[in-house]
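A closer look at the structure
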Amino acid sequence: MTDHVPVLIAGAGPSGLALAVELARRGIGCRVVDRAAGPFAGSRAKGLQPRTLEVLEDLGVLDAVLAGGAPFPAFRMYSGRDVLWERDLGEVLGTALPRRGPDVPYPLPWLIPQWRTDAILADRLAELGGRVERSTELVGFDQDDDGVTATLRHDGRDERVRADYLVGADGGRSFVRKHAGVGFAGTTYESERTLIGDVRAEGVEGFFCHMFTGGDLAKRFSLWNLPADDHYQFVAAVDPGDEPEPTLATVRRMLVERSGRTDIRLHDLRWISLYRINVRMAERFRVGRVFLVGDAAHVHSSAGGQGLNTSVQDSYNLGWKLAAVLGGAPAGLLDSYHDERFPVAAEVLDVSTALHRNGFRATTAPVGTAPAIHQLDITYRGSALAVDDRVAPGRVRAGDRAPDAPLRTGGRLFEVFRGPRWTLLAFGGAPTPDFGPGVAVHPVAVDDDPARVYDVTGGTNVLVRPDGYIGLITPDVGRVREYLRGVR
Ligand SMILES: Cc1cc2nc3c(=O)[nH]c(=O)nc-3n(C[C@H](O)[C@H](O)[C@H](O)COP(=O)(O)OP(=O)(O)OC[C@H]3O[C@@H](n4cnc5c(N)ncnc54)[C@H](O)[C@@H]3O)c2cc1C
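Throughout this document, residue positions are counted from 1 along each chain, in the order its sequence is written. Totals for whole chains, interfaces and linings use every residue, but because this is a predicted model, local features are given only for residues with pLDDT of at least 70 and side-chain atom pairs only at 80 or more, for both listing and counting.

1. Details of the overall build of the protein
- Helix numbers and strand numbers start at the N terminus; a helix is a DSSP run of H or I with at least 4 residues, a strand a run of E with at least 2. Each helix and strand in the protein was counted, giving twelve helices and 24 strands.
- A compact globule built from 488 residues would reach a C-alpha radius of gyration of about 23 Å, and the protein, at 23 Å, matches this within 12%.
- Projecting the C-alpha coordinates of the protein onto the three principal axes gives extents of approximately 75 × 60 × 35 Å.
- Comment: burial labels come from other C-beta atoms within 10 Å of the residue's own C-beta, placed from the backbone, where a count of 20 or more is buried, 12 or fewer is exposed, and between is partly exposed. Of all 488 residues assigned to the protein, the portion counted as buried reaches 47%. As a reference, a globule follows 2.2 Å times the number of residues to the power 0.38, and the radius of gyration itself is taken over C-alpha atoms.

Printed below as a string of structure tokens:
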């Protein structure tokens, strides 16, 4: 007999876990399988961007993330033992960072090793009654009009599972993507390699990204402090043509060569990886009932720290749509996943490639271009789900991130939005009808802060999607019911 599950998720990295949390909090059954026996131990993606912090707040894990991390550190450049300069992230990138304001509660990136972010999401999933099935590999699947039949291999046997939908959150080498016949167009930087890993270090002082270059940025060796951890993440660009053994001895040799220092002692190597940069995107993020999220859909340089962030936001976009369609919404809603996330991923590839080529300086990606590194200005304007009925739209439009704002009555808009539902912000105007469960109606006075932040006048209705983007802006409250018919 074949078990049935609404959603099967292959891969329990950040994208698979974020999706599982999204579905679990909506009461949608899913199985999350991962072929690895245990969680990944490396620090890998260690910077959470401001928009991701907002998403994690909604998913109920922000407190744990803040407790397990630290503000992004400054960069300290050495020449031998001498400190040449110390610069904050904005100075290093050559761009202004967002400022805290009523609309932006978390303006700066947050430092936290990926293994801890993964653990926090897995704990949240457990809290919601879910779990990751480890040592369980997806080895085959077929789809038809009604669902997907998948084969899972574990304990030396194959299990058949029937799912309404399959999501490939299985990383850059995605089996799901390959088996679905989706191309992964792009390039591999054959001559560029990076050695990265986690190691203990003695002989460096302070909480920084400690940088040693020996005067040549192409030979950079960085040691990043990690919060609440004795290990540092090292990142070392490998010389073209060099094929170093990924060992502690190699890391020690590179540090001495590049820093000229023998007083820094590296030991207890916990994780090491020698990797080539791939800049590639899946040709499609959806094939029928099969979806791709995270690295399975897009990989790029780590410059700008976008990988994990984009991955979590893919899942945040897909999760509510899958739940809605499983609950009876028109299946066409799922088309908007590819339509909205594909252009975002393409821009992330462009921005990270420009940063990589430009020695990490953001001169080609100033704040205000989409998506800037903080990802706050990602917008789905132009999506079929973004409808703005106004003759003269204001600064904030349908498709944009719904900004935060303090409320005169106490609290913040983000608290109003929190949870798996739609929110109708009714600015001034007449009393609004009840739209049923799943839509919270929140009246806002026209002279309160949100009206200024949203740049709207009295009588405007702003319908905010479950993922915190604006779906509809209209003066006609009757249009809200019409809009909702297409999405739930
Ligand atoms: C060496 C390295 C360094 C990085 N450094 C940075 C950085 O500094 N900054 C940054 O932003 N990003 C970085 N990244 C990228 C970041 O780690 C990824 O963007 C992020 O992990 C993507 O999450 P994901 O969930 O999509 O995929 P992953 O984290 O790769 O998770 C995929 C999961 O799928 C599982 N899996 C694979 N195949 C199957 C199968 N057939 N069946 C079941 N399970 C399967 C795997 O075991 C794995 O657990 C780095 C990546 C690597 C590899």
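2. Focus: the sheet that holds strand 4 (residues 70-71)
- Strand order in the open sheet formed by three strands is 3-7-4, and the pairing between neighbours is antiparallel. The sheet is open, and its two edges are formed by strand 3 (47-48) and strand 4, each paired on a single side.
- Being paired, for any two strands, means DSSP has found at least two bridges between them. Of the strand pairs in this sheet, strand 3 and strand 7 (residues 110-111) are connected by two bridges, and their pairing is antiparallel. Paired with G47 across the two strands is L111, which belongs to strand 7.

3. Comments concerning the sheet that holds strand 16 (residues 265-282)
- Across the sheet, which stays open at both edges, the eight strands sit in the order 6-5-13-14-15-12-16-19 with mixed pairing between neighbours. Here the strands that pair on one side only, and so sit at the sheet edges, are strand 6 (82-87) and strand 19 (298-299).
- As paired elements, strand 5 (residues 75-79) and strand 6 share five bridges and run antiparallel to each other. Counted as the bridge partner of M77 is W85 from strand 6.
- Set on the sheet, helix 9 (residues 335-357) makes contact with strand 16 and strand 19; between it and strand 16 the angle comes to about 125 degrees. Working definition of a contact: two residues with C-beta atoms, positioned from the backbone, lying within 7 Å. Here, axes are lines fitted to C-alpha atoms. For helices the fit covers the stretch in contact, and angles between N-to-C directions go from 0 to 180 degrees.

4. Notes on unusual backbone geometry
- Not every positive phi belongs to a glycine, and R44 is a case in point at roughly 25 degrees.
- On the basis of neighbour count, R44 is assigned to the buried category, with 22 C-beta atoms found within 10 Å.
- The phi dihedral of D268 is positive, around 55 degrees, even though this residue is not glycine.
- Mapped onto the elements of the fold, D268 is located in strand 16.

5. Let's talk about the pairing of strand 10 (residues 148-154)
- With six bridges connecting them, strand 9 (residues 137-143) and strand 10 associate as antiparallel partners. Its bridge partner lying in strand 10, L138 is registered against L152.
- From the end of strand 9 to the start of strand 10, which pair antiparallel, there are four residues.
- Counting the residues that bridge the hairpin from strand 10 to strand 11 (residues 157-168) gives two residues, and of these D155 lies at a positive phi of roughly 50 degrees.

6. Remarks on the packing of helix 2 (residues 50-58) against helix 8 (residues 307-326)
- At a closest axis distance of 10 Å, the pairing of helix 2 and helix 8 adopts a crossing angle of 40 degrees. Considering the angle they form, helix 2 stands oblique to helix 8. When you trace helix 2 past helix 8, the crossing you get is left-handed. Packed against helix 2, whose contacting residues are R51, T52 and V55, the element helix 8 presents N309, V312, Q313 and Y316 at the interface. Our angle categories are set so that under 35 degrees counts as roughly parallel, over 145 as roughly antiparallel, 65 to 115 as roughly perpendicular, and the remainder as oblique. Helix crossings fall into two classes, left-handed where the near helix is turned counterclockwise from the far one by less than a right angle and right-handed where it is turned clockwise.

7. Structural notes on the domain arrangement of the protein
- Per the annotation, domain bounds derive from an automatic or database assignment of domains. Each assigned domain of the protein is listed with its residue range as follows: domain 1 (3-70 + 108-185 + 279-364) and domain 2 (387-485).
- The C-alpha-based centres of domain 1 and domain 2 are spaced at 28 Å.
- Taken together, the eight residues of domain 1 in the interface contact six residues of domain 2.
- Those elements that provide at least two residues to the side of domain 1 that touches domain 2 are helix 2 and helix 8.
- Amino acids are sorted into nonpolar (Ala, Val, Leu, Ile, Met, Phe, Trp, Tyr, Cys and Pro), charged (Asp, Glu, Lys and Arg) and polar (every other residue, Gly among them). Residue composition of the side of domain 1 that touches domain 2, grouped by class: two nonpolar, one polar and five charged.

8. Looking at the packing of helix 1 (residues 14-24) against helix 8
- One way to put it is that helix 1 packs onto helix 8 with a least axis distance of 8 Å and a crossing angle of 30 degrees. Accordingly, the angle class assigned to the pair helix 1 and helix 8 is roughly parallel. As for the relative orientation of helix 1 and helix 8, their crossing is right-handed in sense. Two secondary-structure elements touch here, helix 1 through P14, S15, A18, L19, E22 and L23 and helix 8 through L308, S311, V312, D314, S315, Y316, L318, G319, W320, L322 and A323.
- Residue classes in the contact of helix 1 with helix 8 are distributed as eleven nonpolar, four polar and two charged.

9. Observations concerning the nonpolar core
- Among the nonpolar cores identified, the biggest contains 107 residues, and V7, L8, I9, A20 and L166 are the most heavily contacted of them.
- The biggest single contributor to this core is helix 8, with eight residues.
- When residues are assigned to domains, this core turns out to be shared by domain 1 (3-70 + 108-185 + 279-364) and domain 2 (387-485), each giving three or more.
- Nonpolar cores are built from buried Ala, Val, Leu, Ile, Met, Phe, Trp, Tyr and Cys residues. These are joined into a set through C-beta atoms within 7 Å. One finds Y78, I196, C209 and W224 within the second-largest nonpolar core, a separate group that totals 20 residues.

10. Section: the confidence of the model for the protein
- Confidence per residue, as judged by the predictor, is encoded in pLDDT with a range of 0 to 100. Of all residues in the protein, 97% have pLDDT values of 70 or greater, and the mean over the chain is 93.
- When the criterion is pLDDT under 50, residues 362-371 qualifies, and its contacts beyond four places in sequence or with other chains add up to 30 contacts.

11. Quick notes on the pairing of strand 24 (residues 470-474)
- The buried count for strand 24 comes to five of five residues, which makes it a mostly enclosed element.
- Relative to strand 24, strand 20 (residues 387-388) runs parallel, the two being bridged by two bridges. Paired with V387 across the bridge in strand 24 is L472.
- In this structure, strand 23 (residues 461-464) lies alongside strand 24, joined through four bridges in antiparallel fashion. In the sheet register, V464 faces strand 24, and the bridge partner there is I470.

12. What to know about the environment of D229
- Looking at the element boundaries, D229 is found in the loop between strand 14 (221-225) and strand 15 (231-238).
- For D229, a count of 17 C-beta atoms within 10 Å corresponds to the partly exposed category.
- As for D229 and P113, which are separated by 116 residues in sequence, their C-alpha atoms are 9.2 Å apart.

13. Concerning helix 5 (residues 114-127)
- To estimate the expected span of a helix, count its residues, drop one, and scale the result by 1.5 Å. Between its terminal C-alpha atoms helix 5 stretches 20 Å, which fits the 20 Å expected from 14 residues at 1.5 Å a residue.
- Helix 5 sits mainly inside the fold: ten of its 14 residues count as buried.
- Burial in helix 5 covers these residues: Q114, W115, R116, T117, D118, I120, L121, A122, R124 and L125.

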